[in-house]
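Close look at the chain arrangement
Each chain, written out:
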Amino acid sequence: KAERSFRMAIMQKHNISTAYNYLAYAFLYQKKYKEALDAALSANAAAPKDSNVLDTVGEMYESNHEYAKAVKYYKAALDASGRNSLETNFKLGRTLVTMKKIKEAAKKFEKTYKRKPVIACMGLSYKADIDDLRKQPGKRLLFGQPELR
């Protein structure tokens, strides 16, 4: 249903980049990875400087195991957004870890979260400081890696 709705929006030329962007995620959730990437690239053609679209293209490349291209688009998304997207910074760090570029990922993590990273079994995390533990003593401070193909 969602896929059909997004295709209708595209045919009606209504907010094309957003419709293609959502269509990319609809395909991704159906594990149609090539179609997801094609939809994301169509969104990018319609809105080449949109940080959200650039982030989506990066994520679709990541889901296709094209990590170098994913990094390129995540960095472009951060440039377009003024580098303030926590989510895109996380995806970039996750991709760098996947590429075994741990030092680069650790630098990105430290710059983003203003804390020293520690290596965790699924990626990078940070050491809790005492204020974190006082505010939320039961909170786990690990980032998991979402399932990719």
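Just above, that's the structure.
Model, not experiment: these values are computed from the prediction.

**Here's the deal with the overall build of the protein**
When helices and strands are tallied, the protein shows eight helices and two strands. Listed N to C, the secondary structure of the protein is α-α-α-α-α-α-α-β-β-α in terms of helices and strands. Relative to its 149 residues, the protein shows a buried fraction of 40%. Across the protein, every contact between residues at least 6 apart in sequence was considered, and the portion connecting residues at least 24 apart equals 39%. Of the roughly 9,200 Å² that the protein leaves accessible, carbon and sulfur atoms contribute 55%.

**Observations regarding the nonpolar core**
The biggest cluster of nonpolar side chains holds 26 residues, and the ones touching the most others in it are Leu28, Val57, Met60, Tyr61 and Leu92. The contacts of Val57, once residues within four sequence positions are left out, are Leu37, Ala40, Leu41, Asn44 and Tyr73.

**Focus: the packing of aromatic side chains**
Scanning the model with the defined rule gives two aromatic pairs in all. Each ring, one from Tyr25 and one from Tyr29, has its centre 6.2 Å from the other, and the planes form 35°; the classification is tilted. Of this pair, Tyr25 and Tyr29 are both found in helix H2 (residues 16-29), four residues apart, which corresponds to roughly one turn of the helix. In this structure Tyr25 comes out as buried when scored by relative accessible area, which is 17%.

**As for helix H3 (residues 33-46)**
With 14 residues, H3 extends 20 Å from end C-alpha to end C-alpha; this agrees with the ideal 20 Å at 1.5 Å per step. Taken residue by residue, H3 has Tyr33, Ala36, Leu37, Ala39, Ala40, Ala43 and Asn44 as its buried positions. Here the buried residues of H3 occupy an arc of 160° about the axis, which is enough to place them on one side. Facing away from the buried side of H3 by more than 90 degrees, the exposed set consists of Lys34 and Ala45. The inward-facing, buried residues of H3 abut H2, helix H4 (51-63) and helix H5 (67-81).

Rules used throughout
- Residues numbered from 1 in each chain as written.
- Predicted model: local features only at pLDDT ≥ 70, side-chain atom pairs only at ≥ 80, totals over all residues.
- Heavy atoms only, no water.
- Helix = DSSP H or I, 4+ residues; strand = E, 2+ residues; numbered from the N terminus.
- Buried < 20%, exposed > 50% of the residue type's maximum accessible area, 1.4 Å probe, protein only.
- Contact = heavy atoms within 4.5 Å.
- Areas by Shrake-Rupley, 256 points an atom, 1.4 Å probe, with all protein chains shown as cover.
- Core = buried A, V, L, I, M, F, W, Y, C linked by side-chain atoms within 4.5 Å.
- Phe/Tyr/Trp six-rings, centres within 6.5 Å; stacked < 30°, edge-to-face > 60°.
- Expected span 1.5 Å × (residues − 1).
- Arc of directions from axis to C-beta.

Function cannot be read off these values alone, since they describe shape.
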